[in-house]
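# An overview of the molecular structure
Listed below, chain by chain, are the residues.
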Amino acid sequence: MKTKIHILFLLTALFYSCEKTIEFNGANMDPKIVVQGNLLSGDPIRALVYKSRSLLSDEEFYNSLPNAIVKLYENNEYVETLEYAGRVDTFRKQLPYDVVKEYIFTNGNYSAKTVAEVGKTYRLEISCDGFDPVTCETTIPAPVEITKVDTITEVSDIGNGPVKNSWIYIYFKDPEGTKNYYMLQSEKTTGHILNYYEQYSGESFVPSDTILLRHESFTGIQLADPVFNNNNQADDVIMGSPDNRFAIFNDSQINGKDYKLGVIHYDPYYGGGGYSPYPGEDKNPIDETEYGNFSSLTIKLVSITKEYYEYLNSANYHFYFTDDPFSEPVPVASNVIGGMGIWAATSSSEIKIVNGTYPMPGKTYIKEYEYYNPY
Amino acid sequence: MKKNYLLLCLSIFSAIFSQAQKVTISGYVSDVATGEKLINANIFETESLSGTISNEYGFYSVTLPAGKKQIQYSFVGYEKQNFQLDLIKDTVLNITLKLMGEIDEITVLGNRSKIESSQMSMVEIPGSKLQKLPVLFGEPDVLKVIQLLPGVQSGTEGTSGIYVRGGGPDQNLFLLDGVPVYNASHLFGFFSVFNPTAVKTVKLYKGGFPARFGGRLSSVIDIRMKEGNDKEIKGEVSIGLISSRFSLEGPIIKDKTSFIISGRRTYLDILAQPAIKIANKNDDYGNTTAGYYFYDLNAKVNHKFSEKSRLYFSSYMGRDKAYSKEDYYYVNEHIRYDNKNEMGIGWGNITSALRWNYVFGPKLFSNTTLTFSNYNFDVKEEYKTTNTKTGKYSEDYFKYISGIKDYTAKIDFDYYPGGGHEVKFGASNIWHSFKPGVNHEKNGSALEGETTPLDTIYGNADIAGMEFSAFIEDNFDISPRLKLNYGLHFSLFNVQQTNYMSLQPRASLSFLAAENLSFKMSYAKMSQYIHLLSSSTISLPTDLWLPVTEKVKPQDSHQIALGAFTKLGKKFDFSVEGFYKTMDNLIEYKEGSSFTGISSGWESKIETGKGWAYGAEFLLEKNVGKTTGWIGYTLSWAERKFENLNFGEVFPARYDRRHDISVALTHEFNERIDIGVTWVYGTGNATTLGTQQYPGFLPMTGNGYYYGFENDITYYGGRNQYRMPSYHRLDIGVNFHKQKKRGIRTWSLGIYNVYSRQNPFYLYWGYDTESGYNQQGQYYEQSKPALKQLSLFPLIPSVSYTFKF
C-alpha cells in the first residue's frame, strides 16, 4: 500500500504540468503594413500591400490596404503612384447559432506602368491612414547566363527496383567584383496519354491523341553541390512542392569563377510499375514515348538580391524550427523599413531537359487539373 | 626615474618584510567535537583589533608585537575563546572551538569581519544552513540555496541553474574541493550534484574575485567538503520521497586519519517497477521497461603525518541514467523473431583530488594538488531483430558521446609576512581534453542474406587544450580603517597551435568609515577559455562544453562594484552593492541552429557577441539568535548584442530580471522543532514570442497551385522582447528532532509552492475552444487564438526521515 502511495506521489509530482490561458500584455500588437513584390526585368512593377494580423485575431484572411498611397521612385527620382488593382472576394464562415460571418478579402495588388530594368533601383514609399509609413528599396540584378549543360545518367538498383539518377551539370560564370546571390528552382511537367487510366485489363489498348499535362509536385533535384553547404541545404532535395521549392546559395566559394554546378535528378517513377513516361524494362507499349508520353524538367538559375536571399534563408529556418522547443525562434529578415515583407528583385536564365517529344505533332495537350475540374 | 622606481620597490619590500620585535602565532582552528577544520574563523588581538582569518584548511598565522596580548578566537555559532599570551617567540597554537548548544543572542565578532574585510560580492553559506531551508521534493540542494541570494537568478522553474550578475550558466566555476565540476546538475537540472550531507561550507563569489580564482567570468562557487570526524564514528541516514542518502564519517586512526563517505540515489525507477509490471501483464508478446535514476558518491580521507603535514584525498562520482527497454517477439512463416529495442541517455562527473598541505614555518603554508575531472554524456539507441532459427540478426545501433576531461597540477602558498600583509601565490596547469560529439553508427541486416553492415564513427574531432595560470595576491591592511586586496592573475591557453594569453588585474578596497560602516569597491578582469553551447531553457546534458579554438576566441569580462556594509543594531547586517559588468566573445547558437544538428562543424553554427549587465543588490542578514536568515533584493539589467542575431539589435538576455526578491528565514523554536520559510519573487523571464502574422512570399513554381499553403510568417518584434508573468513562490519546511537512544531522528515535512502558484515554464500560442449544442440542438465547436502557459510544479508536499548518530 505504501509503495502505491509513493508511486502516486512521485508520478503526480514529477510529471504534473498544467496549462492555462493567460492574457497577452505585450506591445507590437498593432497591425503593420506588409509589402510583397518581386521585380522582374521587362515586367511592369507590381506590389502587394496588406496589413499584418495580430496573433490574437481570428480573421481567416489577410486584409489588403486598398487606400494606401504607394509612391514609386526609380533611382531616387519619383516616377508615379501605383494604382490599386486588387481582386475582391468574399469568404463566408459558419459560426454557432447559424450565424454566418462574411470576410471580404482582396489580394492587395498595386500596379505601375513603369517597366523594371536591370541595374535600376526601385523604391516604394507607402503610407496609409492608421499605419506607420514604410519604405523599401531594391535593385534588379543582372541575370547570370547558363553557358552549357551536361547530363550523365545511370540506372542503379539498391534493392527496391531500378532507379534512374541523372547528374545535371550547369555551367555559368559568377560575375567578378560583386557579391552574388542565387536561387535554383526546378519545375517538372509530365505528359501522359489520356486513356491510360481508362483501359481495362485484357482489352486491347489504342492510345489516344490527347495528352494530359501534369505539373509534378516532386521534381527530385538533390543538392549535391558544395555551394549549398553554407546554408545547411546540402543533401537536401528540391521537391517543387511547398515543403521545398527552391534552393539558395551565394558566391562565397565561387566568386568570379567559371563554375560547374552539379545536381542529381532522381526519378522515382522509373521502373517502379504503373505509369511512367520513360521506356520501362518490361517494354509495356503504353510507357513508350512514341505515343506522346514525355517528361520535361526545367532548371532555373535565378539571380536574386541580397535582401531576398536573407529573407528566403531566414524564412526556411523560420518554418523549419517553428515547433522546435530546443531552438530559439527564427525571425524572418525584411527590407521593408517600418513594416514587414520583402521587396525583391530577380533575373533568371533556365534550361529545359525533355525526355520524349514535346510537343508532338497531332497530339492535343490539356492540363490535367483543367480536364478533371473544368469549372 | 629608474632609480626612484627601485627605491619605491625597496621601501615596499622592506615595509612588508621588516618585522623587528614581532612574534608570529600560527596553527589550525578546528571543531572540538569532530576535529573538522574551521574556515574563516576570526583570530585577533583584542587591544589593537589586528588579526586574521583562517584559510580554507583552517590554518592561520598572525604576527604581533612581542609582549602580553589577549588573543580571541571566534567563529559563527561557536563559543569564542580568549587566551592571555606572553609573546616572546614564534608560537604554534592549535585551537579547538566548541559549538554552542543552542544559538543564543550572543553577538559574534565574526560578523564584524564582513564589514572590515576587503572582500565584497561574496556570500558564505555554512553546510548546516543547507538542510534547514525548504526545497523542492524536500531534497536539500546547495545551488537552490545559492539561488536565494541577491545577484543570483535561477533558471527555469525548479532547476538548479544559476545566472550570476547577468552572466550565462557556463560562466560559473563550480569547485568541489578545488576541482572544477562541469555539469553540476542531476535530473535535467532539477537537482544539483552536490550532496548537502557532505558539504562543509559554500562560498559564492559574484565579483571582486581574488586573484587566486580564474577561468570563468561570472562567479566562483567554492564548495568545501567535510573532512571527516577524527574523534569518533558518526553517521546520518535520510530517506526522502525522491531519494535516500547516507553519510558516514570517523577516525581510521584517532586524531590522525579520518574519512567521510556519503552517497545518495533516487529510486523512481525501482518504485515504478510494479506499475510497469502491471502494464506489461496484458502484453503476451513482450515486455517494456523504462526508468530514470541518479546517484552520487563522495568520499574523502585525510591523514595527518605531523602538525606540519597533511594529506587529503577526495573523490566524487555521480551519474544520471534514463533508459527504456523493449523486448518482444513475432512469428512469421513459422519462424520466431526476437526484437530488442533499447534506448539510453546518461551523463555524469567523476572528480578526484589529492592534496598535500605542508606548513613550512609559522608564516608559510603550502598546498599542492593533483586533480582529475571527467564529464561525459552519451545517448544510445539499439534495435535488433534476431531470427531464432538461424541466429542471424539485423541491427541498427547509434551512439553519441561527448565530454570533457581535465588533469590539473596546482601549487599555491599562503605567506604571512606580517605588517598587515597576507600574500597568496601559486600556479596551476590544466590539461583539457574535449570530446565535442562523436557518433557511432552500426546498421545492417543478415536476416535476408545481406552482408554489408555499416559500422562508422564520425563527428567532431577531439580537441586538446592546455591552460596554465599563475597568480599573486596580497591582502593588505593598510591601516585599521583601510584594507586592500590586490593581485594579478595570468593565464595562458594553448589550443590548435594557437596561444591565448590574459593578464587579469584584480583589486578590492574597503574603507571603515565608522565602527559599523564600511564602503568597498572592487575591479576584476576575468577570462574564460571554454564555452558551453546551450540551446535550451533548461540545463540539458546535451549542452556542449567546447574550448576556444583558432576561430572561437576566449570570453573576457570586466566588472566593477561599489558597496556599503553596515550593522543595523546588534543583530542585523545590511549591505548594498552596485555593479557594472561587460562581457566579450560570448557565444550563442545561430538562429535556427540547435543541438540536434551539432554532430559536426559546431564552429560554423555559433555566433559571437557581447553582453553587459548592471544593477544593485540589497541584502539584509541576521546570523545570530533563534531566527536567522536573509532578505535579498536585486534590481538589474542584462543585455546582449550579436551582429547576426536579432538583426544586430541589442536584446535582453534570457535571464534579464528587473526585480528579484528572496526571503530565506529559519527559526528554532527549541531543540526539537525548527522551521524554514522561503519566498521568492522575480520579474518574468524574457522570451521570444510572436505578436503578428503576415503572409510569406516564397517563390512559386509551375501553375502556382500551392501558393499560400503553410506560408504564414510570425513576427516577433525582437528577441526576448516578451515578459512571461512574474514568478513567485512560498516554501515552508519544518524539522522535528528527537533525541533517541542511539542518536537524533528528524522528521522533515515540507511544502513547496504553498499557495500553488502556477508559475510560467513555457509560453506558446494555442487555441481556446468553445463547444456545445446550439439552439437548434446541433453540436458545434469554435476556437479562437489564445496565449497558453505551461506550469510545472503546483503545491508539492514532501516528507523525509533522517537519523543522525
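A few words on the overall build of chain A. Scanning chain A from N- to C-terminus turns up 3 helices and 23 strands. Of all 375 residues assigned to chain A, the portion counted as buried reaches 47%. Considering only intrachain contacts with a sequence separation of at least 6, the fraction spanning at least 24 residues in chain A is 67%. For chain A, the exposed surface amounts to about 18,800 Å²; the carbon and sulfur share of it is 49%.

The next subject is the pairing of strand β40 (residues 659–668) of chain B. Residues and elements named next belong to chain B. By the bridge criterion, 9 bridges tie strand β38 (residues 627–642) to β40 in an arrangement that is antiparallel. The partner of threonine 628 across the bridge, within β40, is threonine 666. Note that β40 and strand β41 (residues 673–682) share 9 bridges and pair antiparallel. Directly across from serine 662, in β41, lies its bridge partner valine 680. Here β40 hands over to β41 after 4 residues, the two strands then running antiparallel side by side.

Once that is clear, we can look at the pattern of salt bridges. Residue and element names in this part refer to chain B. Across all of its chains, the model carries 40 salt bridges over all chains by this definition. Residue glutamate 617 is joined to arginine 165 by a salt bridge in which the shortest nitrogen-to-oxygen separation is 2.7 Å. Placement of the pair is glutamate 617 in strand β37 (residues 606–622) and arginine 165 in the loop between β12 (162–164) and β13 (172–176), with a sequence separation of 452 residues. Summarising the burial analysis for this pair, glutamate 617 and arginine 165 share the class buried. Through salt bridges that share partners, Arg165, Lys206, Glu577 and Glu617 make up one connected network.

What follows concerns the environment of Val49(A). Residues and elements named next belong to chain A. Here valine 49 lies in strand β3 (residues 44–51). Residues valine 49 and proline 66, 17 residues apart in the sequence, show an inter-C-alpha distance of 8.0 Å. For valine 49, the contacting residues outside a window of four places in its chain are Ile33, Val34, Ser64, Leu65, Ala68, Val70, Gly108, Tyr110 and Ile126.

Another point: the environment of Asn499(B). Residue and element names in this part refer to chain B. Its location among the elements puts asparagine 499 in strand β31 (residues 498–514). For the pair asparagine 499 and glycine 465, spaced 34 residues apart in sequence, the C-alpha to C-alpha distance is 9.8 Å. Sequence-distant contacts of asparagine 499, that is, excluding residues within four places in its chain, are made with Leu492, Phe493 and Asn494. Of note is the side chain of asparagine 499, whose polar atom sits 2.7 Å from the side chain of asparagine 494.

A few words on the packing of aromatic side chains. Each aromatic ring pair is characterised by the separation of its centres together with the angle its planes make. Residues and elements named next belong to chain B. One pass over the full model with this rule turns up 40 aromatic pairs over all chains. Pairing tyrosine 57 with phenylalanine 365 gives two aromatic rings, centres 5.8 Å apart and planes at 25°, and the pair type is stacked. Taken together, the residues span a long stretch of sequence, with tyrosine 57 in the loop between β3 (51–53) and β4 (59–65) and phenylalanine 365 in strand β25 (residues 364–387) at a distance of 308 residues. Tyrosine 57 gets classed as buried once you look at its relative accessible area, which sits at 8%. Accessibility expressed as a relative area gives 1% for phenylalanine 365, which makes it buried.

The next thing to look at is empty space enclosed by the protein. All names here are of chain B. For the coordinates displayed, the defined rule picks out 13 cavities of 30 Å³ or more. Roughly 620 Å³ of volume is contained in the second largest cavity. Lining the second largest cavity are 37 residues, with Leu175, Gly178, Arg212, Phe213 and Lys410 positioned closest to its centre. When residues of the lining of the second largest cavity are traced back to their parent elements, those giving at least two are β13, β18 (219–225), β25, β26 (393–418), β27 (421–445), β29 (463–477) and β30 (482–495). Take the lining of the second largest cavity: its biggest share by element is 5 residues, from β27. Taken together, the residues that form the lining of the second largest cavity break down as 11 nonpolar, 15 polar and 11 charged.

Right, let's talk about a nonpolar patch on the surface for a bit. All names here are of chain B. The grouping of Ile233, Val237, Ile239, Phe246, Leu297, Met317, Ile350 and Phe805 at the surface amounts to a nonpolar patch, some 610 Å² of accessible area in total. Looking at where isoleucine 350 falls in the secondary structure, it is placed in strand β24 (residues 335–361). For isoleucine 350, a relative accessible area of 33% gives the class partly exposed.

On to the side chain of Ser748(B), then. Residue and element names in this part refer to chain B. Note on placement: serine 748 falls in strand β47 (residues 744–752). Its relative accessible area of 17% is what places serine 748 among the buried residues. Here the side chain of serine 748 touches asparagine 735 through a polar contact of 2.7 Å, side chain to side chain. Once you skip the residues sitting within four places of it in the chain, serine 748 turns out to touch Val734, Asn735, Ser798, Val799 and Ser800.

This part takes up the confidence of the model for chain A. All names here are of chain A. When pLDDT is averaged along chain A, the result is 78; 74% of the residues meet or exceed 70. Confidence drops under a pLDDT of 50 for residues 1–16, and excluding neighbours within four residues, the segment shows 22 contacts in the predicted structure. This stretch, residues 270–286, has a pLDDT under 50; its non-local contacts, to residues over four places away or in other chains, come to 45 contacts.

Sheet strands pair by backbone hydrogen bonding; their relative direction is either parallel or antiparallel. Residues and elements named next belong to chain A. Strand order in the open sheet formed by 4 strands is β6-β5-β11-β12, and the pairing between neighbours is antiparallel. With one partner strand each, in any of the chains shown, β6 (77–81) and β12 (134–139) form the two edges of the open sheet. Strand-to-strand twist of the sheet, defined as the mean angle between neighbouring strand axes without regard to direction, takes the value 25°. Pairing analysis gives 4 bridges linking strand β5 (residues 69–74) to β6, with the strands arranged antiparallel. Residue pairing for β6: glutamate 74 is matched across the bridge by glutamate 77.

What counts as what
Position numbers for residues start from 1 in each chain and track the written sequence from start to end. Lettering for chains starts from A, numbering for ligands starts from 1, and both go in the order in which the items are written. Selection of residues for local features in this predicted model requires a pLDDT of at least 70, selection of side-chain atom pairs for listing and counting requires 80 or more, and totals for whole chains, interfaces and linings are taken over all residues. The basis for every side-chain value is the complete set of non-hydrogen atoms in the structure, without hydrogens or water. Segments assigned H or I by DSSP are reported as helices when at least four residues long, segments assigned E as strands when at least two residues long, and all are numbered from the N terminus. Residue exposure (1.4 Å probe, protein chains only): buried if accessible area is under 20% of the type maximum, exposed if over 50%, otherwise partly exposed. Contacts: residue pairs with any heavy atoms within 4.5 Å of one another. For the accessible areas, the method is Shrake-Rupley and the probe is 1.4 Å, while residue cover comes only from the protein chains on display. We call two strands paired when DSSP finds no fewer than two bridges between them. The working definition used for a salt bridge is a side-chain nitrogen of Lys or Arg within 4 Å of a carboxyl oxygen of Asp or Glu. Polar contacts here mean pairs of N or O atoms no more than 3.5 Å apart (in protein, one a potential hydrogen donor and the other a potential acceptor; neighbouring residues in sequence count only if both atoms are side-chain atoms). Only the six-membered ring of Trp is used, alongside the rings of Phe and Tyr, when aromatic pairs are assigned; centres must lie within 6.5 Å, and planes under 30 degrees apart are stacked while those over 60 apart are edge-to-face, with the rest tilted. Only protein atoms enter the 1 Å grid used here, on which a cavity is any set of points holding a 1.4 Å probe that cannot leave and a pocket is any open set flanked by protein within 12 Å on both sides along at least five of seven lines; residues with an atom within 4 Å of a point are listed as lining. Grid points are joined across faces, edges and corners, and a volume is the space filled by probe spheres set on the points. Each residue is assigned to one class: nonpolar for Ala, Val, Leu, Ile, Met, Phe, Trp, Tyr, Cys and Pro, charged for Asp, Glu, Lys and Arg, and polar for all the others, Gly among them. Patch membership requires more than 30% relative accessible area and the absence of a salt bridge. Residues of like charge join within 9 Å; the nonpolar side chains Val, Leu, Ile, Met, Phe, Trp and Tyr join within 5 Å. The predictor reports its confidence for every residue as pLDDT, a score running from 0 up to 100. To get an axis, a line is fitted to the C-alpha atoms, and for a helix only the part in contact is used. The angle between two axes follows their N-to-C directions and goes from 0 to 180 degrees.

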